Amino acid sequence: MNVISKVIELKDIHKSYRIGDSEFTVLKGIDLQIEEGEFIALMGPSGSGKSTLLNIVGCLDRPTSGQFLLLGQEISQTSDDELARVRREELGFIFQTFNLIGRISVLKNVEVPMMLSGVTREKRKERALKLLESVGIAHRINFSPQNISGGERQRVAIARALANNPKIIIADEPTGNLDLKNSNEVMKILSNLYKEGRTIIMVTHNPEITENCSRVIRLRDGRILENAS
Amino acid sequence: MNLPDILEFIAVGFKADRFKTLMSSLGIIIGVMAIVVMLSVGEGLYSGVSSQFSSLDLDMIQVMPGSAHFGGPGSENANRNPAEPAKFTDKDTKVLENVVGVKNVAPRSSANVVVAFRNTNSSASLTGVDPDKEEDLKDEVAQGRFLTGSDYKSIVIGDGVSNDLFRMRITPGNKIRLYYEDRYMDFKVVGVMEEAEQTSFGGPGSDEDNLMYITHKAMEELKGEDNYYYGNFQVTVYDPEQVDSIIEKIKNDLKRYHKDEAYDATTARDMLSSLMSVLSMIKYALAGIGAISLLVGGIGIANVMMLTVKERIREIGVMKALGATTRDIRMQYLLEAGVLGMVSSVIGIVLGVTVSYLIGSLASLPSAITYQSLVLGVLFGVVTTTIAGVYPANRAAKLDPIEALRAE
């Protein structure tokens, strides 16, 4: 049996930024363990450090100090190329502003992560079509992302996040730019992913959507305030 | 990320920004075209002139007063020539005739004169010759005869003087009057030379056709100077292979009489090679002008690439978040510049060849398209754009994904 049930382990994570002569400490000692298959909601007021924490967990940023194990691998000191590999293969990103590439089609957008991993043309097209179908966008594959609605864009983004079949989904306010109907749609898809056994870490402002989550972590002023299941 | 995928990405970008792509490639297209055209015209000039001179007699040495080099900054005699030009006399003819290997020595002198024929005046070049030493010229007479040693007031004229200088043709038997400074003499035309071989540079009425020949005796009389000197010697040798060593001997032997005077002995080959080196300089100078426009094109590409990177900053952030490495991004933008350069260069080559061809056929300017100029054109085009792409590509590759994602 594989015993790495902890997909993420953070030990005493600090993060500070230097702006001019002054130093801002954003994270002041974060200890956090996330098990495989959890659906985490990360909440907190602006400036609490939740975005910074999400960036570190998403391997877009490195902690100033502390230990960060992702799937058992020490990440905090690894190379940029290795971080890129982890993002490409182990993580899937969903952004508040969707961040689809406007000049290529919906289908190509979903293919991008597989393209970066060197998946062959036929295989990645086949998988992209399947994923787009599963999020209900099969009829829009040849559209430019600029010509579809916000809800559709976010569903394309979810399909893209799943392209390389990652263990962990990083979602930064995925419903922040959506109306209620589309928010519910997106949350339904995320819940289904959770039920399939994927680990989801989601930053949100909206307490209503946390009811789908298995655990809510509240941050304030760079520390974990509450860690409630 | 593998090559076909990157290329597909680039192609999509070009298509989306057709106008911007066209405008940025225009600089390279024009630059490459300029290089090809300039090199072709230069090469045409070069080969045109060299084919013109390849028929020059290689067994001929010219001995003349002063320095005969074409000058030019690299010329060896350029600076050490303060001496008076040598004054050549019959003594020198003897000296030259005594050099081993010399077949014939033809002393010549020249003057620009005004020709009067039936109350009309025109100018032509006059050469004083020793008829006994000019066997070659005797073969080129078309009408009448060449001069003989006993001729005095007889003249042989070139085809141009006969046909083109005056309204009326001058034929053997006609009398003409020559003016030199404030003196004049009447001559009787005894012969007309053949028309000189047509050249693309001169054509009818070239200098060679406007020549006239009289004896040294008449020349001395016409010039009326106290001392008559030869202008130069046309020395023919038996063996063209030995021309260089004979030149050395000639220079040495003449030292006896012309210790502190300047003189030189050269062959047509010498003249040809210095002329060729000048032409080759001109050729590359022309290409240099083309290269400058290419450089400007390169700066244009760099500018457009910087703009592209700035425009796509968010896309670059997304690509990085999705796991693109620094290398992936760098390759994408470097290749984008490179492909732009390649396509533009090929278009530039096609246009350059067309323009060179048009120049060659319409303006009757010599132009020769060489393999070398095409390769140079493409090479410079691709290298310039790729170099222009390096900085923007590195900027893109080194973007921090978090900041790039935050960009508007």
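Quick caveat, the model's predicted, so the values are computed rather than measured.

> In this structure, what is going on with the pattern of salt bridges? I would like to understand it.
Where charged atoms from two side chains of opposite charge come close, those side chains can pair. What the rule picks out here adds up to 28 salt bridges over all chains. For the salt bridge of glutamate 111 of chain A with lysine 108 of chain A, the shortest nitrogen-to-oxygen distance reads 3.9 Å. Within this pair, glutamate 111 of chain A and its partner lysine 108 of chain A are both found in helix H3 (residues 106-116), separated by 3 residues, close to a single helical turn. On the accessibility criterion, lysine 108 of chain A (25% relative accessible area) is partly exposed. Residue arginine 121 of chain A is joined to aspartate 5 of chain B by a salt bridge in which the shortest nitrogen-to-oxygen separation is 3.2 Å. Taken as a pair, arginine 121 of chain A in helix H4 (residues 121-134) and aspartate 5 of chain B in helix H1 (residues 3-16) lie in two separate chains rather than in one. Residue arginine 121 of chain A is classed as partly exposed on the basis of its relative accessible area, which comes to 36%. Residue classification places aspartate 5 of chain B among the buried residues on the basis of a relative accessible area of 2%.

> Explain the pairing of strand S1 (residues 6-19) of chain A here, please?
In regular strands, side chains alternate between the two faces of the sheet. Residue and element names in this part refer to chain A. Inspection of the sheet shows S1 paired to strand S2 (residues 22-35) by 11 bridges, in the antiparallel sense. Opposite serine 16, over in S2, you have threonine 25 as the bridge partner. The loop that links S1 with its antiparallel partner S2 comprises 2 residues; one of these, glycine 20, has a positive phi angle of about 65°. Looking at chain direction, S1 and strand S4 (residues 65-70) are connected through 5 bridges and run antiparallel. Residue pairing for S4: glutamate 9 is matched across the bridge by leucine 69.

> Where do I start with the sheet that holds S4 of chain A in this structure?
Adjacent strands of a sheet pair through backbone hydrogen bonds, lying either parallel or antiparallel. Residue and element names in this part refer to chain A. Read across the sheet, 4 strands follow the order S2-S1-S4-S5 without closing on themselves; strand pairing throughout is antiparallel. Here the strands that pair on one side only, and so sit at the sheet edges, are S2 and strand S5 (73-74). Both S4 and S5 contribute to a ladder of 2 bridges, which runs antiparallel. In the strand pairing of S5, leucine 70 is matched with glutamine 73.

Cut-offs applied
- Numbering of residues starts from 1 in every chain and runs along the sequence as written.
- Chain A is the first chain written and ligand 1 is the first ligand written, with later ones labelled in order.
- Given that the model is predicted, a residue must reach a pLDDT of at least 70 before its local features are reported, and side-chain atom pairs must reach 80 or more before they are shown or counted; all residues, however, enter totals for whole chains, interfaces and linings.
- Computation of side-chain values covers all heavy atoms of the structure but excludes hydrogens and water.
- By convention in these notes, a salt bridge is any Lys or Arg side-chain nitrogen within 4 Å of a carboxyl oxygen on Asp or Glu.
- Helix and strand labels come from DSSP, where a helix needs a run of H or I of at least four residues and a strand needs a run of E of at least two; each type is numbered from the N terminus.
- Only protein chains enter the calculation, and the probe is 1.4 Å; a residue is then buried if its accessible area is under 20% of its type maximum, exposed if over 50%, and partly exposed in between.
- The pairing criterion for strands is at least two bridges between them, as found by DSSP.

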